[in-house]
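Residue-level structure breakdown
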Amino acid sequence: MSIRRSDLLLLAVAVVWGSSYLTARTLVLAGGVLAVLALRFVISAVALAPAMIVRRPTRAELSVGALLGLTQASVLVLETYGVSMTSATNAGVLISLTILLTPALEGAVQRRWLPGRFFVSAAVAVTGVILLVAGPGLRAPTAGDALMLAAAVVRAAHVTLSGRLTTGRPYDTVTLTWLQTVVGAVLFTLVAAPALPSAVRAFEPGHWLGLLYLALGCSVFAFLVQLWAIRRTSAARASLLLGTEPVWAVLIGVGIAGEHLTAVGVAGIALVLAGTYYGQRVEAAHRALVPV
């Protein structure tokens, strides 16, 4: 498959993640953060289990899958609690820093830096996110902001590790993704065990449909595509494309929830898309000259 197809799949992941905000918020209110995460990962692991009938993880895959599972679970915990403790504006701006943090971290690890033009395009995309979510204005820093900043750092580390540990190695993407979901399912189930029975009782049919969407769309599909694409492009490119998530969240909010989009928001969307488009072109040209 070509790089262009991987770009489209990464954008599809960004759309799925952006569409999940309203669903996740409703589920957390009904069952609590940890219970929702536990059920989400359990369903994801069960959904991928049939594919493992013909697969046998190697020792190396077990190690890599466990590590990536820990970092992925950490990102979700930090993000979920962070969003609940700060404004949506602050959260959107802080998590978008991943667009800049990932190429910086990847360059430091590989000792091979992308051209400065890439970082300029990433900064343009972050500026677009700020304009897009700055309707109510930034709020004074809180503990939630610290959690969101930590989530951005850990997400950058997770994406970078995904590329560093798997590119060029004979690992099976499905196996690694399943191992990530198993690690998350075990960790969150242990922590959320006391709250799980009440959460299950509180969920109505609509909640379970939302949970299936989070598990199958935002976890199984998204984790598979993210890891598959990173192994074929780069962590920096994947992060830039996934950084369009706030754009889709806003557009879906306008289309479904009846929210209003201001002129400043339209300008923000334009900057995010322009920065992403130019950045992926710079990364592709650099990759052609300096192959990984």
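Worth saying up front: this structure is predicted, and the values here are computed from it rather than measured. (Residues numbered from 1 in each chain as written. Predicted model: local features only at pLDDT ≥ 70, side-chain atom pairs only at ≥ 80, totals over all residues. Heavy atoms only, no water.)

1. Some remarks on the overall build of the protein chain
Put simply, the rule reads: By the criteria applied, helices consist of DSSP H or I runs no shorter than four residues and strands consist of E runs no shorter than two, each listed in order from the N terminus. We take the radius of gyration over the C-alpha atoms and set the globule estimate at 2.2 Å times the residue count to the 0.38 power. Categorising residues by exposure relies on relative accessible area from a 1.4 Å probe, with only protein chains included: less than 20% of the type maximum marks a residue as buried, more than 50% marks it as exposed, and the intermediate range marks it as partly exposed. Whether two residues are in contact is decided by their heavy atoms: any pair within 4.5 Å suffices. Only the protein chains shown count as cover for residues, and all accessible areas are computed by the Shrake-Rupley method using a 1.4 Å probe.
Summing up its helical and strand segments, the protein chain has 14 helices and 0 strands in all. Ordering the α and β elements of the protein chain from the N terminus gives α-α-α-α-α-α-α-α-α-α-α-α-α-α. The globule rule puts the C-alpha radius of gyration for 292 residues at 19 Å, and the 18 Å found for the protein chain is close to it. Considered along the principal axes of its C-alpha atoms, the protein chain spans approximately 50 × 50 × 30 Å. Per-residue burial over the protein chain gives 49% buried out of 292 residues. Taking contacts inside the protein chain between residues at least 6 apart in sequence as the whole, the part at least 24 apart equals 92%. For the protein chain, the accessible area works out to roughly 13200 Å², and carbon and sulfur atoms hold 70% of it.

2. Focus: the pattern of salt bridges
Stated precisely, the cut-off is as follows: Between Lys or Arg on one side and Asp or Glu on the other, a salt bridge is scored when a side-chain nitrogen of the former is within 4 Å of a carboxyl oxygen of the latter.
As enumerated under the stated definition, the model contains 5 salt bridges in all. Salt-bridge contacts for aspartate 172 lead to arginine 55; the nearest nitrogen and oxygen are separated by 2.7 Å. One end of the pair, aspartate 172, is in the loop between helix H8 (143-166) and helix H9 (173-192); the other, arginine 55, is in the loop between helix H3 (33-48) and helix H4 (59-85), with 117 residues separating them in the sequence. Relative accessible area serves as the criterion here: at 25%, arginine 55 is assigned to the partly exposed category. Residue arginine 155 pairs with glutamate 245 through a salt bridge whose shortest N-O separation is 3.9 Å.

3. Details of the packing of aromatic side chains
Stated precisely, the cut-off is as follows: To pair, rings of Phe, Tyr and Trp, with the six-membered ring standing in for Trp, must have centres within 6.5 Å; the planes then decide the type, stacked if under 30 degrees apart, edge-to-face if over 60, and tilted in the middle.
Inspection of every chain in the model, using the stated rule, returns 4 aromatic pairs. With a centroid separation of 5.4 Å and an interplanar angle of 45°, the aromatic rings of phenylalanine 41 and phenylalanine 188 are classed as tilted. Of this pair, phenylalanine 41 sits in helix H3 while phenylalanine 188 is found in helix H9, placing the two residues 147 residues apart along the sequence. Seen in terms of ring centroids, phenylalanine 118 and phenylalanine 119 are 6.0 Å apart; in terms of plane orientation they differ by 85°. Their pairing is edge-to-face. Under the relative-accessibility criterion, phenylalanine 119 is labelled partly exposed at 21%. Taken together, Phe41, Phe188 and Phe223 form an aromatic cluster joined through their ring pairs.

4. Details of helix H11 (residues 205-230)
Which entries qualify depends on this criterion: Residue count minus one, scaled by 1.5 Å, sets the expected span of a helix. Bend, in this description, refers to the angle at a residue between axes fitted to the seven residues ending there and the seven starting there.
Between its first and last C-alpha, H11 extends 36 Å over 26 residues, near the 38 Å set by a 1.5 Å rise per residue. Most pronounced at alanine 222, the bend in H11 amounts to some 30°.

5. Quick notes on the side chain of arginine 155
With respect to the element layout, arginine 155 can be found in helix H8. The contact partners of arginine 155, leaving out residues within four places of it in the chain, are Val75, Glu79, Ile95, Thr98 and Glu245.

6. Section: the environment of arginine 4
Here arginine 4 shows up in helix H1 (residues 3-19). Arginine 4 sits 68 residues away from glutamine 72 along the chain, and the two C-alpha atoms are 25 Å apart.

7. Some points on the nonpolar core
Using the following cut-off: In plain words, nonpolar cores are sets of buried Ala, Val, Leu, Ile, Met, Phe, Trp, Tyr and Cys residues tied together by side-chain atoms within 4.5 Å.
Core analysis: the biggest nonpolar cluster contains 36 residues, and Leu10, Trp17 and Leu211 have the highest contact counts within it. Broken down by element, the residue count for this core peaks at 10 residues, all from H11. The contacts of leucine 10, once residues within four sequence positions are left out, are Val225, Gln226, Ala229, Ala238, Leu241 and Leu242. Within the second largest apolar cluster, 9 residues are counted, among which are Leu114, Ala125, Ala236 and Val282.

8. Notes on the environment of serine 162
Residue position: serine 162 is located in helix H8. Judged by its relative accessible area of 2%, serine 162 falls in the buried class. With 19 residues separating them along the chain, serine 162 and alanine 143 place their C-alpha atoms 28 Å apart.

9. Some words on a nonpolar patch on the surface
To keep it simple, the criterion reads: Each patch groups residues whose relative accessible area exceeds 30% and which form no salt bridge, using 9 Å between like charges and 5 Å between nonpolar side chains of Val, Leu, Ile, Met, Phe, Trp and Tyr.
Side chains of Leu101, Leu149 and Val153 sit close together on the surface and give an oily, nonpolar patch of about 220 Å² of accessible area. Inspection of the secondary structure assignment puts leucine 149 in helix H8.

10. Side note on H3
Under the 1.5 Å per step criterion, the end-to-end length of H3 is 23 Å for 16 residues, consistent within 8% with the ideal 22 Å. Burial runs high along H3: 12 of the 16 residues are buried. Among the residues making up H3, those that are buried are Val33, Ala35, Val36, Leu37, Ala38, Leu39, Arg40, Phe41, Ile43, Ser44, Ala45 and Leu48. On the buried face of H3, the contacting elements are helix H2 (21-31), H4, H9, helix H10 (196-202) and H11.

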